[in-house]
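# Secondary and tertiary structure notes
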Amino acid sequence: MIPSTPVAADIQSSSAGSSGMAPLIELNEISHSFGTRPDLAARLAISFKLAKPTASVQAIDGVSLAVRRGEVLGLVGESGCGKSTLGRIVAGIVAPSKGSVSWRGKDLKALPPLERREAKLRVQMIFQNPYASLNPRRKAADIVSEAPRVHGLVEGDLGTFVDQQFRRAGLDPALKHRFPHQFSGGQRQRIGIARALAVQPEFLVCDEAVAALDVSIQAQILNLFMDLRERLNLTYLFISHDLGVVEHISDRVAIMYLGRIVEEAPAEEIFARANHPYTQALLAEVPRIETTKRGFAAIKGELPSPLSPPSGCHFHPRCPHAMPRCRTEAPRLKVVAAGHKSACHLNDAAA
Ligand SMILES: Nc1ncnc2c1ncn2[C@@H]1O[C@H](COP(=O)(O)OP(=O)(O)OP(=O)(O)O)[C@@H](O)[C@H]1O
């Protein structure tokens, strides 16, 4: 299944892609770990030297990724591989343990506080569960207008401003005095979108933004995202565990496995010529109407714990093509075709 495209070059430092356009956001060698919090008994055991401190979870491991202005980058991987953590780092909600995030070519950490605040405001996040992310005690109008009021972004009458935000997200402004529980799931997600758009972002991080919705509502919200992209010239990081959803919305797709990006390519290329065995396995799981076979190939085994990731290539215990080298040496992301990168030793073997 692995195509025999020769490996051209190591690309760790050329993540801006092939268009030459400067990226809006760039992640440079980002790593992030979470310390696991020991319970009381474990803390006592550690303090009496009866046990060693618990290990940390390596959620992100040396990720470099760039998103160009106006593009939609789909980020795909199984639950627990680090997608949300990466999305939160991009949105400035989580500070990475290592590496840097650049906004319009400037390291966020090096920006003066006012510019950094401005840059953070330009990146907004849409969450999976619109109910959990909306304050149940506040009316929809207050939820949507809070951040723009705080940041002094409301020009003119507040009521008119809120009406505009509602219409932009496809909501009837007559509903603005209702509470979140009085809306349907799709409408609640639209409130989340109106809230994000109200601070005039340039970049949206959508974290499983349609996963909790019925299929017919999913399509409506995906269409809204695409419509907003055209009208407001938005750039997206679109996070999903579902390649089928990402296929329809993304220009480029990055595949993540246990904290690392294992493949990155234009969407058409990923779906036509997936290079990495993990991507190929994910694709085999996507239900397709044109499929002639009944049943789908499930990926062997489960995602290993990030507390003790497998050595070498993290995917090797589940990979049907694993070689001895895969158990000891982590493959680097390398160019395998124009705009297409993959981290798999099989490409070296093929070359
Ligand atoms: N606050 C936290 N404290 C400790 N561990 C965490 C924390 N947040 C995430 N993790 C761990 O980091 C790893 C990556 O989690 P993350 O939520 O980023 O993955 P994901 O791919 O988005 O999964 P899902 O789709 O289920 O949210 C997981 O092992 C998770 O348990």
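Conventions and cut-offs
Residues numbered from 1 in each chain as written. Predicted model: local features only at pLDDT ≥ 70, side-chain atom pairs only at ≥ 80, totals over all residues. Helix = DSSP H or I, 4+ residues; strand = E, 2+ residues; numbered from the N terminus. Buried ≥ 20, exposed ≤ 12 C-beta atoms within 10 Å, placed from the backbone. Contact = placed C-beta atoms within 7 Å. Pairing = 2+ DSSP bridges. Axes fitted to C-alpha atoms, helices over the stretch in contact; angles between N-to-C directions. Parallel < 35°, antiparallel > 145°, perpendicular 65-115°, else oblique. Left-handed = near helix turned anticlockwise from the far one by under 90°. Near = placed C-beta within 6 Å. Nonpolar A, V, L, I, M, F, W, Y, C, P; charged D, E, K, R; others polar.

## Side note on the overall build of the protein chain
Within the protein chain one finds 12 helices and 12 strands. Here the protein chain holds 351 residues, and the buried ones make up 39% of them. Long-range pairs, those at least 24 residues apart, make up 69% of the contacts in the protein chain between residues at least 6 apart in sequence.

## Considering the sheet that holds strand β7 (residues 203-207)
Judged by pairing direction, the sheet is mixed, and its 8 strands sit side by side in the order β6-β7-β8-β3-β9-β10-β12-β11 without closing on themselves. The open sheet has two free edges, formed respectively by β6 (123-126) and β11 (334-337), since each of these has just one partner strand. Ignoring which end each strand starts from, the neighbouring axes of this sheet average 25° apart. Bridge count for β7 against strand β8 (residues 235-240) is 5 bridges, and the pairing is parallel. Residue pairing across strands places V205 opposite L237, the latter belonging to β8.

## Section: the pairing of strand β3 (residues 72-76)
In terms of burial, β3 is a largely internal element, 5 of the 5 residues being buried. Burial of β3 is two-sided: the residues V72, G74 and V76 facing one way and the residues L73 and L75 facing the other way are all buried. Two strands pair when backbone bridges link them, and β3 and β8 are joined in this way by 5 bridges, in the parallel orientation. By the bridge assignment for β8, V72 is matched with Y236. Across 4 bridges, β3 lies against strand β9 (residues 252-257) in parallel orientation. Directly across from G74, in β9, lies its bridge partner V253.

## Comments concerning the pairing of β9
Of all 6 residues in β9, 6 are buried, a share of seventy percent or more. Of the two faces of β9, the one holding R252, A254 and M256 and the one holding V253, I255 and Y257 are both buried throughout. Both β9 and strand β10 (residues 260-266) contribute to a ladder of 6 bridges, which runs antiparallel. Paired with I255 across the bridge in β10 is E263. Linking two consecutive strands that pair antiparallel, namely β9 and β10, is a turn of 2 residues; a positive phi of about 45° is found at L258 within it.

## Let's talk about the sheet that holds strand β4 (residues 98-103)
Across the sheet, which stays open at both edges, the 4 strands sit in the order β2-β1-β4-β5 with antiparallel pairing between neighbours. Every interior strand has two partners, whereas the edge strands, β2 (56-68) and β5 (106-107), have only one. When strand β1 (residues 23-35) meets β2, the two strands line up antiparallel, connected through 9 bridges. Bridge pairing links E26 to A66 in β2.

## Examining the packing of helix α6 (residues 185-197) against helix α7 (residues 215-232)
At a minimum axis separation of 10 Å, α6 and α7 run at an interaxial angle of 20°. One way to sum up the angle between α6 and α7 is to call them roughly parallel. α6 and α7 meet at a crossing whose hand is right-handed. Of α7, the residues touching α6 (which contributes G185, G186, Q189 and I193) are I217, Q220, I221 and L224.

## Focus on the site of the ligand
In the vicinity of the ligand there are 13 residues, among which F34, A59, S79, S84 and T85 approach most closely. The set of elements that each furnish at least two residues to the shell around the ligand consists of β2 and α2 (83-90). Considering each element in turn, the shell around the ligand owes the most residues, 3 residues, to α2. For the shell around the ligand, a count of residues per class yields 5 nonpolar, 7 polar and 1 charged.

## Some remarks on unusual backbone geometry
Despite not being glycine, R104 shows a phi value in the positive range, around 50°. Locating R104 in the fold gives a position in the loop between β4 and β5. With 14 C-beta atoms packed within 10 Å, R104 lands in the partly exposed category. Phi at L258 is positive, roughly 45°, even though this residue is not glycine. Inspection of the secondary structure puts L258 in the loop between β9 and β10. The class for L258 is buried, based on 24 C-beta atoms found within 10 Å.

## Considerations on the environment of L232
Tracing the backbone shows L232 in helix α7. Residue class for L232 comes out partly exposed when judged on the 13 C-beta atoms lying within 10 Å of it. With 106 residues separating them in the primary sequence, L232 and I126 have C-alpha atoms 16 Å apart.

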